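Here are the chains, one letter per residue:
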Amino acid sequence: MRKIGSFMALIGAAAIIFGFMDRVPKLLMWIYNWGETIAWVIKIGLVVIGIALYFMGKENTEVSDENAVE
């Protein structure tokens, strides 16, 4: 979940930053078909949901030999 969340947040943040420079990622060009307001809602939603998924995801921790049940 952390990888998906970080990817979503990164794409959303990149779309916001590049939008100010009139360079929209091709992956998100379709959101402008509905207008500027909906595009902003989708970009902010990507960032918020991505951050939520990142923090809800579990860390990959390995089980040490001390805790292993034989």
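So, how was this worked out
- Residues numbered from 1 in each chain as written.
- Predicted model: local features only at pLDDT ≥ 70, side-chain atom pairs only at ≥ 80, totals over all residues.
- Heavy atoms only, no water.
- Phe/Tyr/Trp six-rings, centres within 6.5 Å; stacked < 30°, edge-to-face > 60°.
- Buried < 20%, exposed > 50% of the residue type's maximum accessible area, 1.4 Å probe, protein only.
- Lys NZ or Arg CZ within 6 Å of the ring centre and 35° of its normal.
- Patch = residues over 30% accessible without salt bridge, like charges linked within 9 Å, V, L, I, M, F, W, Y side chains within 5 Å.
- Areas by Shrake-Rupley, 256 points an atom, 1.4 Å probe, with all protein chains shown as cover.
- Salt bridge = Lys/Arg side-chain N within 4 Å of Asp/Glu carboxyl O.
- Helix = DSSP H or I, 4+ residues; strand = E, 2+ residues; numbered from the N terminus.
- Expected span 1.5 Å × (residues − 1).
- Arc of directions from axis to C-beta.
- Contact = heavy atoms within 4.5 Å.

Engineer: How would you summarise the packing of aromatic side chains if you had to cite specific residues and measurements?
Structural biologist: Taken as a whole and judged by the stated rule, the model has 3 aromatic pairs. Centroid distance Y54 to F55: 5.4 Å. Interplanar angle 80°. Geometry classified as edge-to-face. The exposure class assigned to F55 is exposed, which follows from its relative accessible area of 63%. Lying across the ring of Y54, R2 places its NZ or CZ 4.3 Å from the centre. The aromatic ring of W40 is capped on one face by K43, whose charged end is 4.3 Å from the ring centroid.

Engineer: Describe in detail a nonpolar patch on the surface, supporting the description with residues and values.
Structural biologist: On the surface, a cluster of nonpolar side chains totalling about 440 Å² of accessible area is made up of I17, F18, F20 and M21. As for its position among the elements, F18 is in helix α1 (residues 2-20).

Engineer: Outline helix α2 (residues 36-56), supporting the account with residue identities and numerical values.
Structural biologist: With 21 residues, α2 extends 30 Å between its outermost C-alpha atoms, agreeing within 8% with the 30 Å of an ideal straight helix rising 1.5 Å per residue. Within α2 the residues assigned to the buried category are A39, K43, L46, V47, G50 and L53. Across the axial projection of α2, the buried residues extend over an arc of 140°, all falling on one side. In α2, those exposed residues whose orientation departs by more than 90 degrees from the buried face are T37, V41, V48, F55 and M56. As for α2, its buried residues are in contact with α1.

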